[in-house]
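Each chain, letter by letter, is given below.
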Amino acid sequence: MSFQTILAIESSCDETAAAVVRSDGRVVSDVVASQIDVHARYGGVVPELASRAHLRAIVPVVEEAVESAGGWPAIAAIAVTHGPGLVGALLVGAQFAKSLAWARGLPLLGVDHLDGHLLACHLRHDDDAPIGPEYPYVALLVSGGHTALYRVDAPDDIALLGQTRDDAAGEAFDKAAKLLGLGYPGGPVIDRLAKVGDATAFELPRPMLHRDDHDFSFSGLKTAVARAVETHEGPMDEATQADLAASLQAAIVEVLAKKAVRCCVREGVSRLVLGGGVAANRGLRARAAELCEKKGFELFVPPIRACTDNAAMIAYAGFFAEPGEVAVYSRSPTRVRGRFREDGTFIARK
Ligand code: KG4
Ligand code: ZN
């Protein structure tokens, strides 16, 4: 089905978002209401509070997205994230989108949140923004809940090549920041501290770096940071915290960037895309750029607003979805290693 313009709603975690996007990827409106203030005091996302905050935010957020896009006449369909994510949070967006589609007589499109992250590199927030990558590309998806490598041959032909066996990279940042008493979310704080710290001060492991696969593991790093904090005599001063932040970031970044570039080599693909909240990390961006340049690969890093959770990426992925019923799920039942599309052509990968 071909639509000209889609309104999308995203509520899978702790951001209530709505956006209007044209089929060429041009973002017409892009509204995000963050719940960071709601969850910060708990050091992580509290699902029930997330659902309630989505309920409060969804009407004004959608209204603003529609109004700043010039109203309803241009909108041809409504897309909504149906998973993976917090079920209660997803339900708020899905039920709202269903009602809106019914009331407006518009088709409803269910979109997988991860497809959104993998296609966010095609969004253009202004006319001067660079054009996204051609296909195929390898995508490193690094967020608070996911760390995985994908091969994207087309918007509807995506293969999962490897993923974390335990914690996501974002979780490692968040948990380390919590251990250091630096607040939530941890990624941006560690990123800032790492800039002034000495990355060689603490010797931390590079998990799975030398394994001949596309998998990751970050829970050991969290333990290593916990041990460094425990064994340190007295409370850590700011300089030592910065050293630990820099050492942790260097370990995470080295594994992510090296394995992503190695994945491109293996797949015979010369384009690497970064996506997800951790793609905002300055250390990761710099190291990936360095390694890609060495290999002559093209690197695509969307602007930060397109990396962190947003609805524009859901709208863009909506152009490749089929209209129909929307049922939410916390984990994708079909996303296994290999080709996960339900077209009967499952190709398992090692
Ligand atoms: O994609 P995202 O907004 O939400 C999920 O789908 O999870 O990612 C959130 C994650 C959090 O773990 C946060 O700490 C991390 O992205 N993050 C960062 C940075 N900015 C956000 N991690 C490292 N460096 C950053 N600058
Ligand atoms: Zn996300």
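Quantities reported herein were computed from a predicted structural model and do not represent experimental measurements. Numbers given to residues run from 1 along each chain, matching the order in which its sequence is written. Just so you know, chain letters begin at A and ligand numbers begin at 1, following the order they were written in. Local features in this predicted model are restricted to residues whose pLDDT is 70 or higher, and side-chain atom pairs enter the listing and the counts only when it is 80 or higher, whereas totals over whole chains, interfaces and linings include all residues. The side-chain figures draw on all heavy atoms in the structure; neither hydrogens nor water molecules are used.

Student: Got a minute to help me understand the overall build of the chain in this structure?
Tutor: A run of DSSP states H or I qualifies as a helix once it reaches four residues; a run of E qualifies as a strand once it reaches two. Both are numbered from the N-terminal end. Per the secondary structure count, the chain includes eleven helices and eleven strands. Every radius of gyration here is taken over C-alpha atoms, with the globule rule written as 2.2 Å times N^0.38, N being the number of residues. Taken over C-alpha atoms, the radius of gyration comes to 20 Å for the chain, in line with the 20 Å a tight globule of 350 residues would show. Its C-alpha atoms give the chain principal-axis dimensions of roughly 65 × 45 × 40 Å. Per-residue accessibility, obtained with a 1.4 Å probe over protein chains only, is compared with the maximum for each type, and a residue is labelled buried under 20%, exposed over 50%, and partly exposed between these values. Put simply, the chain has 350 residues, and 55% of those count as buried. Sequence separation of 24 or more characterises 72% of the internal contacts of the chain that already satisfy a separation of 6 or more. The accessible surface values rely on the Shrake-Rupley method and a 1.4 Å probe; as for residues, cover is taken only from the protein chains in view. A total of about 15,300 Å² of accessible surface is found on the chain, and carbon and sulfur atoms cover 52% of it. We count Lys and Arg on the positive side and Asp and Glu on the negative side, and we leave His and both chain ends out. A charge is said to be at NZ when it belongs to Lys, at CZ for Arg, at CG for Asp and at CD for Glu. Charge-centre separation for the chain: the mean point of 36 positive side chains lies 4 Å from the mean point of 44 negative side chains. Contact criterion: two residues are considered in contact whenever any of their non-hydrogen atoms come within 4.5 Å of each other.

Student: What is the right way to look at the site of ligand 1 in this model?
Tutor: Close to ligand 1 lie 21 residues, the nearest being G144, D174, D191, G277 and N281. Between N or O atoms, a polar contact is any pair within 3.5 Å; within protein, one atom must be a potential hydrogen donor and the other a potential acceptor, and residues adjacent in sequence are included only when both atoms are from side chains. Here an oxygen atom of ligand 1 and a side-chain polar atom of D174 are 2.7 Å apart. Secondary structure elements with two or more residues in the shell around ligand 1: α4 (113-119), α5 (169-179) and α6 (186-194). Considering each element in turn, the shell around ligand 1 owes the most residues, four residues, to α6. Amino acids are sorted into nonpolar (Ala, Val, Leu, Ile, Met, Phe, Trp, Tyr, Cys and Pro), charged (Asp, Glu, Lys and Arg) and polar (every other residue, Gly among them). A per-class count over the shell around ligand 1 returns six nonpolar, twelve polar and three charged. Here a residue is near a molecule or strand as soon as one of its heavy atoms is found within 4 Å of it.

Student: Even after reading the chapter, I still don't get the coordination of the zinc ion (ligand 2), so can you show me in this structure?
Tutor: Metal coordination angles in their ideal form are 109.5 degrees for the four-donor tetrahedron and 90 or 180 degrees for the six-donor octahedron. Coordinating N, O and S atoms are those within 2.8 Å of the metal (3.2 Å for Na, K and Ca), and as water is not part of the atoms, a site may appear to have fewer donors than expected. Taken together, the protein donors to the zinc ion (ligand 2) comprise H113 (NE2), H117 (NE2) and D309 (OD), at separations of 2.0 to 2.2 Å. Any coordination sphere not matching a tetrahedral pattern (four donors, all angles between 85 and 135 degrees) or a square planar or octahedral pattern (four or six donors, opposite donors over 155 degrees apart, other angles between 65 and 115) is reported as irregular. Coordination geometry of the zinc ion (ligand 2): the four donor atoms subtend angles of 93 to 142° at the metal centre, consistent with an arrangement described as irregular. The sequence motif formed by the donor residues of the zinc ion (ligand 2) is H-x3-H-x191-D. With H113 and H117 both in helix α4 and four residues apart, this pair spans about one turn of that helix. Of the residues examined, H113 reaches a relative accessible area of 6% and is grouped as buried. Taking relative accessible area as the criterion, H117 reaches 3% and is therefore assigned buried.

Student: So what exactly am I meant to see when it comes to the nonpolar core here?
Tutor: Generally speaking, nonpolar side chains in soluble globular proteins are found buried as a group. The nonpolar core is taken to be a set of buried Ala, Val, Leu, Ile, Met, Phe, Trp, Tyr and Cys residues, with the residues joined through side-chain atoms within 4.5 Å. In terms of nonpolar packing, the biggest core is built from 48 residues, with L140, F218, L248, I252, L256, L272 and L284 touching the most fellow members. Taken together, the elements giving at least two residues each to this core come down to β6 (137-142), α5, α6, α7 (219-231), α8 (238-267), β9 (271-275) and α9 (282-295). The biggest single contributor to this core is α8, with 14 residues. Apart from residues lying up to four places away in sequence, I252 is in contact with A169, A172, F173, F218 and L221. Membership of the second largest hydrophobic core comes to 37 residues, among which are A17, L118, A306 and A315.

Student: Just checking my understanding: could you explain the side chain of H82 for this structure?
Tutor: The topology assignment puts H82 in strand β4 (residues 77-83). Not counting the four nearest positions on each side in its chain, H82 is found in contact with L90, G110, V111, D112, V326, A327, V328 and Y329.

Student: How should α5 be read in this particular structure?
Tutor: Among the residues of α5, those classed as buried are A169, G170, A172, F173, A176 and A177. Viewed end-on, α5 has its buried residues packed into an arc of 160°, placing them on one side of the element. Among the structural elements, β6, β7 (147-154), α6, α7 and α8 are those in contact with the buried residues of α5. Residue G181 follows α5 closely and has a positive phi angle near 70°. What the arc covers is the set of directions going from the helix axis to the C-beta atoms.

Student: I keep staring at α9 and nothing clicks. Help me out?
Tutor: For a helix, the expected span equals 1.5 Å multiplied by the number of residues minus one. The first and last C-alpha atoms of α9 sit 20 Å apart over 14 residues, in line with the 20 Å expected at 1.5 Å per residue. The complete set of buried residues in α9 reads L284, R287, A288, L291 and C292. Taken down its axis, α9 places every buried residue within 130° of arc, on the same side. Of the exposed residues in α9, the ones pointing more than 90 degrees away from its buried face are E293 and K294.

Student: Can you walk me through the packing of α7 against α8 in this structure?
Tutor: The geometry of a pair of packed helices is captured by two quantities: the angle between their axes and the separation between those axes. In this description, a line fitted to the C-alpha atoms serves as the axis of each element, helices being fitted only across the stretch in contact, and the angle between N-to-C directions of two axes falls anywhere from 0 to 180 degrees. Packing of α7 against α8 brings their axes to within 11 Å, and their N-to-C directions diverge by 165°. Regarding the angle of α7 to α8, the classification is roughly antiparallel. For the pair α7 and α8, the sense of crossing is right-handed. The residues of α8 that touch α7, namely those facing L221, V225, A228 and V229, are L244, L248, A251 and I252. Split into classes, the residues belonging to the contact of α7 with α8 amount to eight nonpolar, no polar and no charged. For classification purposes, angles smaller than 35 degrees are called roughly parallel, those larger than 145 roughly antiparallel, those between 65 and 115 roughly perpendicular, and all remaining angles oblique. Helix crossings get a hand from a simple test, with the near helix turned counterclockwise from the far one by less than a right angle marking a left-handed crossing and a clockwise turn marking a right-handed one.

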